[in-house]
Amino acid sequence: MTITANSQLPNVFSQKLESITSKTDGSLPTLGAELVYTQDGAGRYLTFCWQHSELLGLNTEKIVDELNQTQTFAPVDKVTYLERLHRILISLVPERFQCWFSYHQELFELDLVISPIMPSLGTAATTVLVMGRLVQATVNKKQVRVASKTPTQIELALRSQQHQKLINRITRNIRRTLDLDIIWQQTVDSLGKALRLERCIICPYQPSSSKVEVKAEYRQPELKSMLGSEIDIASEPAFAQVLATLEPVVMEVAGYTSGRQKTLVIATCYQDQANGLVALNWQDECYTLTESELELAKEAADQLGTAIAHATLYKELEAARQKAEEASRLKSEFLANVSHEIRTPLNGMIGFLKLILEGMADDPEEQNQFLAEAHHLSIHLLNIINDILDIAKIEAGKMELVYAPVKLDELFSAVESFMRPQAEIRNLSFRMQMPAISDEIIVQSNYQRLLQVMLNLVGNAIKFTHEGGITVSADLVLKKAKPNFQGQEFPGMVRVRVADTGIGVSLDKQDKLFQLFSQVDGSRTRQYGGTGLGLAISQKLVEAMGGEVHFYSLGEGLGSTVTFTVPLYQQPVMVSSNDSDSIKSAESFNFGF
């Protein structure tokens with residue numbers, strides 16, 4: 001973390017630097033830091049003072065000469081260290097960083113601040129002042145951590161500027177995007193790297209939820225990832241306290257690897273409402289947070305909370321816009337298709353009637369044929385208009401149905417008389433199967449609407465089948481938990497299946513089948529006509545009659561099966577196929593699957 005060139009350090013710092021430059025005897029005041037030394041541009045020590053010199057076993061009276069002659073106490077990565085030192089001498093900008101030093105077989109991790117010793121006017125800087133502290137050391141192959149101490153005035157000033165710069169960088173990153181995933185990850189990465197954290201996580205929060213999910217994480221490589229895991233707020237006192245007070249909470253916890261750690265938990269807020277939690281973990285040995293740093297943390301959380309709120313709102317608006325555009329596109333596509341579907345039979349009717357009026361029929365038989373074709377087209381046009389009116393009523397909530405007992409065999413007979421001729425014209429087999437019982441099957445429904453549903457489903461099956469056939473079947477579904485519809489209990493349900501060997505529907509397009517104004521192929525050049533309302537209307541009608549509609553297809557070219565259920569009005573009696581005289585109650589059979 002660098003400090004800008006015009007940053008104003010405390011006056012005491014400048015005065016002490018001046019006194020240091022006048023020292024020539026190798027001694028050095030500590031300036032309140034445990035490690036203080038000066039170096040020239042080549043990295044040679046000019047002065048050196050360290051409270052932990054005993055760890056090195058050096059002669060404190062001749063420590064500078066000994067360090068320069070042996071070059072044993074030096075940065076592990078000398079090249080990077082010298083590059084940084086030269087950069088500071090040229091830019092005259094102090095920098096803070098952590099660096100590993102070696103001494104024989106021992107390693108020391110130091111937290112350092114390197115500042116240029118300002119030269120006299122007109123001359124270049126040639127020396128630097130380095131202040132720091134020991135973070136950890138490996139002495140005799142044992143890891144030693146150093147207890148924290150009260151930060152000095154200079155350290156506080158540097159940390160304050162460092163943290164303020166971090167807040168500014170996080171704020172800039174937040175303003176560059178409205179993508180929440182990017183905002184979260186950039187924030188934890190910035191905090192984790194700049195503050196050298198063990199772990200930093202962000203969890204979005206919803207007041208209605210008792211748990212939060214870790215959406216972004218920064219962690220040290222040796223730690224196990226928490227990304228995607230859920231945290232119970234009630235089991236984390238710090239989380240619950242922060243959400244209740246909206247104030248940062250610092251608590252000490254057991255370390256993930258060793259020692260003690262501290263955790264800072266902050267709530268991100270928007271208009272005094274929490275919308276997220278940020279948790280930061282660092283080694284207890286690092287330093288103690290000051291009140292000003294807690295205020296900075298809260299400021300960062302407020303910035304992040306506002307960004308989360310704006311990004312969430314933008315995401316919702318974008319989703320609503322896309323949904324509106326999709327609905328508008330589907331309706332435009334639907335209107336184009338419907339106008340085409342209406343004009344086609346209407347033009348045919350006009351054409352046949354014009355031929356008759358102009359005397360173009362060769363004989364009465366051909367004239368009757370023209371009239372029959374015009375009548376057939378008028379029925380087709382009426383069905384299209386009825387579909388449009390039906391969906392309009394359903395959407396407006398004005399579809400009123402009168403329910404009454406309906407005999408299933410009469411319904412099947414009507415469907416067969418309508419649809420078998422159409423199937424035979426296309427050289428398709430057409431089978432209708434009733435359950436193997438002698439008693440009548442009666443359902444509670446509306447006859448006309450139930451017939452409409454079956455004609456829609458069977459008509460679709462015929463239209464989309466080129467070879468093979470269609471099978472319409474029914475079975476009983478009797479369960480212990482009796483279905484309830486309009487406050488009345490029924491003994492079970494009747495499931496009707498319409499199966500075909502047609503073109504099928506790919507798995508990724510099946511969700512469009514029951515959407516209003518939507519077709520699997522909605523283009524004007526599509527192979528199959530129709531308004532695309534058949535399945536949507538059928539689903540709405542069946543649901544209004546207390547049942548459900550389901551569609552099954554393994555993919556294109558593998559056929560389709562549509563099932564729907566309606567309440568069973570009364571429980572029929574089963575007759576054994578082995579003995580027609582023995583009558584058994586249907587309750588003794590399991591008809592469901």
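*Asks:* Describe the overall build of the chain, and please don't skip the residues or the numbers.
*Replies:* A tally of helices and strands in the chain yields 11 helices and 25 strands. For the chain, the proportion of contacts with a sequence separation of at least 24, taken over those separated by at least 6, is 62%. Counting every atom, the chain has about 31500 Å² of accessible surface; 52% of that belongs to carbon and sulfur.

*Asks:* A description of the pattern of salt bridges should follow, citing residues and the corresponding values.
*Replies:* Pairs can form between side chains of opposite charge whenever their charged atoms are close. Taken as a whole and judged by the stated rule, the model has 13 salt bridges. Notably, a salt bridge pairs Asp-475 with Arg-495, separated by 2.9 Å at the nearest N-O pair. Here Arg-495 lies in strand E21 (residues 492–500) and Asp-475 lies in strand E18 (residues 469–477), a separation of 20 residues in the sequence. Look at Asp-475 and you get buried, because its relative accessible area is 15%. Given the relative accessible area of 10%, Arg-495 is considered buried.

*Asks:* I'd love a proper account of helix H10 (residues 447–463), names of residues and values included.
*Replies:* Taking 1.5 Å of rise per residue, the 17 residues of H10 would be expected to cover 24 Å, and the 24 Å separating its terminal C-alpha atoms lies within 8% of that figure. For H10, the set of buried residues is Arg-449, Leu-450, Leu-451, Gln-452, Val-453, Met-454, Asn-456, Leu-457, Val-458, Ala-461 and Ile-462. Two to three positions downstream of the cap, the backbone nitrogen of Gln-448 sits 3.3 Å from a side-chain oxygen, assigning the N-cap of H10 to Asn-446.

*Asks:* Outline the environment of Glu-489, supporting the account with residue identities and numerical values.
*Replies:* Within the fold, Glu-489 resides in strand E20 (residues 488–489). The class of Glu-489 is exposed, set by a relative accessible area of 55%. C-alpha of Glu-489 to C-alpha of Pro-567: the two residues are 78 residues apart in sequence and 9.2 Å apart in space. Here Glu-489 is in contact with Lys-482, Pro-483 and Asn-484, once residues within four sequence places are set aside.

*Asks:* How would you explain the nonpolar core if you had to name every residue and give the values?
*Replies:* Formed by 52 residues in total, the largest nonpolar core has its most connected members in Val-472, Val-494 and Phe-564. The dominant element in this core, judged by the number of residues it contributes, is H10, at eight residues. Not counting chain neighbours up to four residues away, the residues in contact with Phe-564 comprise Leu-450, Val-453, Met-454, Leu-457, Val-494, Arg-495, Val-496, Val-542, Glu-548 and Val-549. If you look at the next biggest cluster of nonpolar residues, it comprises 26 residues, including Tyr-37, Tyr-45, Tyr-103 and Phe-108.

*Asks:* Describe the environment of Ser-102, with residues and values.
*Replies:* With respect to the element layout, Ser-102 can be found in strand E4 (residues 95–103). Ser-102 sits in the partly exposed class, given a relative accessible area of 21%. Between the alpha carbons of Ser-102 and Ala-74 there is a distance of 5.7 Å; along the sequence they are 28 residues apart. Those residues in contact with Ser-102 that lie beyond four places of it in its chain are Thr-72, Phe-73, Ala-74, Val-76 and Leu-107.

*Asks:* Could you give an account of the side chain of Thr-465, naming the residues involved and the relevant values?
*Replies:* In this fold, Thr-465 is placed in the loop between H10 and E18. You can call Thr-465 buried: its relative accessible area is 0%. If we skip the residues at most four places from it in the chain, Thr-465 touches Arg-426, Leu-428, Ile-470, Asp-500, Thr-501 and Gly-502.

*Asks:* Summarise the packing of aromatic side chains; cite the residues concerned and give the values.
*Replies:* In this structure the tally under the stated criterion is 12 aromatic pairs. With 5.7 Å between their ring centres and 35° between their planes, Phe-352 and Phe-370 make a pair best called tilted. Taken together, the positions of Phe-352 in helix H7 (residues 291–357) and Phe-370 in helix H8 (residues 364–396) put the pair 18 residues apart, joining distant regions of the chain. Judged by its relative accessible area of 11%, Phe-370 falls in the buried class. Aromatic rings pair up to connect Tyr-37, Tyr-45, Phe-48, Trp-50, Phe-73, Tyr-81, Phe-97, Phe-101 and Phe-108 into one cluster. Above the face of the Phe-97 ring, Arg-84 is positioned so that its terminal group lies 3.9 Å from the ring centre.

*Asks:* For helix H5 (residues 180–195), give the residues involved together with the corresponding values.
*Replies:* The end-to-end C-alpha distance of H5, which contains 16 residues, comes to 22 Å, matching closely the 22 Å that a straight helix rising 1.5 Å per residue would cover. What H5 keeps buried is the set Leu-180, Ile-183, Trp-184, Thr-187, Val-188, Ser-190, Leu-191, Gly-192, Ala-194 and Leu-195.

*Asks:* Could you give me a rundown of the confidence of the model for the chain, with the residues and numbers involved?
*Replies:* Per-residue confidence for the chain averages 77 on the pLDDT scale, and 77% of its residues sit at or above 70. pLDDT under 50 marks residues 1–18. Its contacts with residues more than four places away, or in other chains, come to 30 contacts.

*Asks:* Report on the packing of H10 against helix H11 (residues 534–544), specifying residues and quantitative values.
*Replies:* Running from N to C, H10 and H11 cross one another at 145°; their axes reach a closest spacing of 9 Å. Here H10 runs over H11; the crossing is left-handed. For the pair formed by H10 and H11, the contact residues are Arg-449, Gln-452, Val-453, Asn-456, Leu-457 and Asn-460 on the first element and Gly-534, Leu-535, Ile-537, Ser-538, Leu-541 and Val-542 on the second. Partitioning the contact of H10 with H11 into residue classes produces six nonpolar, five polar and one charged.

*Asks:* I'd like a description of the side chain of Thr-471, backed by residues and values.
*Replies:* Counting through the fold element by element, Thr-471 comes out in strand E18. Accessibility expressed as a relative area gives 18% for Thr-471, which makes it buried. Only 3.3 Å separates the side chain of Thr-471 from the side chain of Arg-431, close enough to count as a polar contact. Dropping the residues within four chain positions of it, Thr-471 is found in contact with Arg-431, Gln-433, Arg-497, Val-498 and Ala-499.

*Asks:* How would you sum up unusual backbone geometry? Please name residues and give values.
*Replies:* Within the chain, Leu-92 stands out as a residue other than glycine whose phi angle is a positive 60°. With respect to the element layout, Leu-92 can be found in the loop between helix H3 (78–91) and E4. The residue Leu-246 is not glycine, and still its phi comes out positive at about 60°. Position of Leu-246 relative to the elements: it lies in the loop between helix H6 (237–245) and strand E12 (249–254). Since its relative accessible area comes to 21%, Leu-246 is described here as partly exposed.

Rules of the game
Residues numbered from 1 in each chain as written. Predicted model: local features only at pLDDT ≥ 70, side-chain atom pairs only at ≥ 80, totals over all residues. Heavy atoms only, no water. Helix = DSSP H or I, 4+ residues; strand = E, 2+ residues; numbered from the N terminus. Contact = heavy atoms within 4.5 Å. Areas by Shrake-Rupley, 256 points an atom, 1.4 Å probe, with all protein chains shown as cover. Salt bridge = Lys/Arg side-chain N within 4 Å of Asp/Glu carboxyl O. Buried < 20%, exposed > 50% of the residue type's maximum accessible area, 1.4 Å probe, protein only. Expected span 1.5 Å × (residues − 1). Polar contact = N/O pair within 3.5 Å; in protein donor to acceptor, adjacent residues only side chain to side chain. Core = buried A, V, L, I, M, F, W, Y, C linked by side-chain atoms within 4.5 Å. Phe/Tyr/Trp six-rings, centres within 6.5 Å; stacked < 30°, edge-to-face > 60°. Lys NZ or Arg CZ within 6 Å of the ring centre and 35° of its normal. pLDDT = per-residue confidence, 0-100. Axes fitted to C-alpha atoms, helices over the stretch in contact; angles between N-to-C directions. Left-handed = near helix turned anticlockwise from the far one by under 90°. Nonpolar A, V, L, I, M, F, W, Y, C, P; charged D, E, K, R; others polar.

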